Amino acid sequence: MEDRLVTVAIHTYEKAQILKSVLEANGVDASIHNVNQILPVVSAGVRVRIRESDLPKALGIIEEMNNAQAVQDAVAEELQKKPHEILVPVDFSDYSQRACSFAFSLAAKTNSEVVLLHSYMNFGASASIGGVISYERTIDEETRKANYERAEKEMFEFERQLNDLIEMEDLPKVKFSAKIREGIPEEEILHYVKRHSPMMIVMGTRGKSQKDMELIGSVTAEIVERAWVPVFAIPENTVIKSFDEIRSIACVTNFEDKDLIAFDKMMSILKPFKFKVHFVHFSQGNSANLWSEIKLSGIRSYFAKYYPELEFEYNMLKGNDLLSVLDDFIQENSIDVVSMNTHKRNIFARLFNHSIARKMVFHTDTAMFVFHS
């Protein structure tokens with residue numbers, strides 16, 4: 001018996017293109033009908049059609065998309081009810097100062113509060129074997145108290161420096177607070193995120209020119225890998241010094257609906273700023289991927305419609321060494337920030353595992369905006 005075509009949804013051309021891409025990414029062949037061939041972007045009542053045998057699977061995918069959108073809308077509505085927090089883990093280094101410059105510039109434009117979080121460990125180093133330091137817990141209460149007082153003193157001095165910069169107008173005047181926690185830094189950061197759901201985390205790291213991993217840099221790699229809120233990672237040698245200076249962002253995409261959600265999240269955060277967006281898709285090997293080019297062009301009208309104020313460019317990158325290809329693209333196009341979404345089917349999923357995440361964080365001198373599905 002012939003497997004006839006059925007209409008699974010009727011949308012505008014832009015939404016139909018997105019649904020078609022999502023269905024095909026999940027193994028459901030789809031086609032678009034009733035398209036105005038002269039001006040497809042203005043077509044009304046565009047039909048997305050599939051084989052009848054694929055209908056149950058397609059309906060499940062559409063329901064999942066609708067549920068995800070409903071959750072996203074509910075989260076956005078809830079966030080509007082409370083002040084946004086920008087979490088800045090600090091270790092009082094130059095990296096912390098740089099992270100604060102970014103966080104304060106964003107807070108000033110988004111009416112947000114900055115929370116400084118310092119975590120210290122009551123451990124004493126006992127030995128170093130092959131560059132690895134082992135630790136034993138300090139149980140002496142006098143030492144514990146002295147460690148806390150030292151952290152408190154350092155935080156007080158750090159706050160004083162920030163207030164001086166505000167008074168000299170080197171930093172915008174925004175509300176900020178400081179918190180000190182005893183514990184492993186990455187665990188304390190994740191614990192704070194779980195309890196308070198900040199809008200994002202802003203952290204510094206050393207960048208690719210440094211070989212030794214200082215505390216804040218290695219912690220940044222852990223948070224990039226494990227956090228479930230957006231993370232903005234700032235290498236030591238990043239040229240830009242605040243969000244106001246961002247002029248170009250490269251958004252890595254694999255044509256999945258979660259990439260579009262990540263982009264919407266990024267734009268909700270960076271809405272006050274003006275910059276050019278480069279959509280980047282990686283194709284393994286040297287052969288042209290015509291289907292990827294078709295899908296990439298298919299989302300072009302969607303972003304042109306919903307983000308008319310932005311300038312977009314679409315790029316297909318080929319090669320086997322993704323980091324090298326990305327480096328070349330960053331240099332050739334003067335990219336200030338690389339934005340990416342981490343989830344199982346994304347091209348960068350292979351990079352963000354426990355061992356490779358640190359390589360990515362320390363590989364580049366370009367700021368990274370990382371989202372988590």
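Residues numbered from 1 in each chain as written. Predicted model: local features only at pLDDT ≥ 70, side-chain atom pairs only at ≥ 80, totals over all residues. Heavy atoms only, no water.

Enquirer: Mind showing me how you'd approach the packing of aromatic side chains here?
Expert: For any pair of aromatic rings, the description consists of the separation of the ring centres together with the inter-plane angle of the planes. In total, this model carries 15 aromatic pairs according to the counting rule given. Note on Phe-102 and Phe-243: the rings are 5.6 Å apart at their centroids and 85 degrees apart in plane angle, and the pair reads as edge-to-face. Separated by 141 residues along the polypeptide, Phe-102 in helix α3 (residues 94-110) and Phe-243 in the loop between β10 (231-235) and β11 (248-252) bring together distant segments of the chain. Of the residues examined, Phe-102 reaches a relative accessible area of 0% and is grouped as buried. A relative accessible area of 0% places Phe-243 in the buried class. An angle of 90 degrees between the planes, with centres 5.2 Å apart, marks the rings of Phe-232 and Phe-369 as edge-to-face. (Phe/Tyr/Trp six-rings, centres within 6.5 Å; stacked < 30°, edge-to-face > 60°. Helix = DSSP H or I, 4+ residues; strand = E, 2+ residues; numbered from the N terminus. Buried < 20%, exposed > 50% of the residue type's maximum accessible area, 1.4 Å probe, protein only.)

Enquirer: What is the right way to read the pairing of β11 from this model?
Expert: The side chains of a regular strand alternate between both faces of the sheet. In terms of burial, β11 is largely enclosed, as five of its five residues are buried. Of the two faces of β11, the one carrying Ser-248, Ala-250 and Val-252 and the one carrying Ile-249 and Cys-251 are both buried. Relative to strand β12 (residues 276-283), β11 runs parallel, the two being bridged by five bridges. Bridged to Ile-249 within β12 is Val-277. (Pairing = 2+ DSSP bridges.)

Enquirer: In this structure, what is going on with the side chain of Asn-147? I would like to understand it.
Expert: Position of Asn-147 among the secondary structure elements: in helix α4 (residues 141-167). Classification of Asn-147 by relative accessible area gives buried; the value is 11%. With residues up to four places along the chain from it excluded, the contact list for Asn-147 reads Tyr-120 and Asn-122. (Contact = heavy atoms within 4.5 Å.)

Enquirer: Explanation requested: the sheet that holds strand β4 (residues 85-89) in the structure shown.
Expert: Backbone hydrogen bonds are what pair the strands of a sheet, in a parallel or an antiparallel way. What the 10 strands build is an open sheet, ordered β8-β5-β4-β9-β10-β15-β14-β11-β12-β13; its pairing is mixed. In this open sheet, the two strands that pair with only one neighbour each are β8 (176-182) and β13 (311-318). On average, each strand axis in the sheet is inclined to that of its neighbour by 25 degrees, with strand direction left out of account. For strand β9 (residues 200-205) and β10, the ladder comprises five bridges, and the chain directions are parallel. Considered in β10, the bridge of Thr-205 is made with Pro-235. (Axes fitted to C-alpha atoms, helices over the stretch in contact; angles between N-to-C directions.)

Enquirer: Could you clarify how one ought to interpret the side chain of Ser-339 in this entry?
Expert: Within the fold, Ser-339 resides in strand β14 (residues 337-342). If we skip the residues at most four places from it in the chain, Ser-339 touches Ile-249, Ala-250, Cys-251, Val-252, Met-266, Phe-369 and Phe-371.

Enquirer: Sorry if this is basic, but what is going on with the sheet that holds strand β1 (residues 5-11) here?
Expert: Spatially, β1-β3-β2 is the arrangement adopted by the three strands of the open sheet, whose pairing is antiparallel. Strand pairing shows two members of the sheet lacking a second neighbour, β1 and β2 (30-33), which therefore form its edges. Pairs of neighbouring strands in the sheet enclose a mean axial angle of 30 degrees, with direction left out of account. Examined bridge by bridge, β1 and strand β3 (residues 46-51) share six bridges and lie antiparallel to one another.

Enquirer: How should the pattern of salt bridges be read in this particular structure?
Expert: Two side chains carrying opposite charge are able to pair once their charged atoms lie near each other. Counted under the stated rule, the structure contains 12 salt bridges. Between Glu-52 and Arg-4 there is a salt bridge, with the nearest N and O atoms lying 3.3 Å from each other. In this pair, Glu-52 is assigned in the loop between β3 and α2 (55-80) and Arg-4 in the segment before β1, connecting sequence segments 48 residues apart. Since its relative accessible area comes to 37%, Glu-52 is described here as partly exposed. Residue Arg-4 is classed as partly exposed on the basis of its relative accessible area, which comes to 48%. Across the pair Asp-29 and Arg-51 runs a salt bridge whose closest N-O atoms are separated by 3.1 Å. (Salt bridge = Lys/Arg side-chain N within 4 Å of Asp/Glu carboxyl O.)

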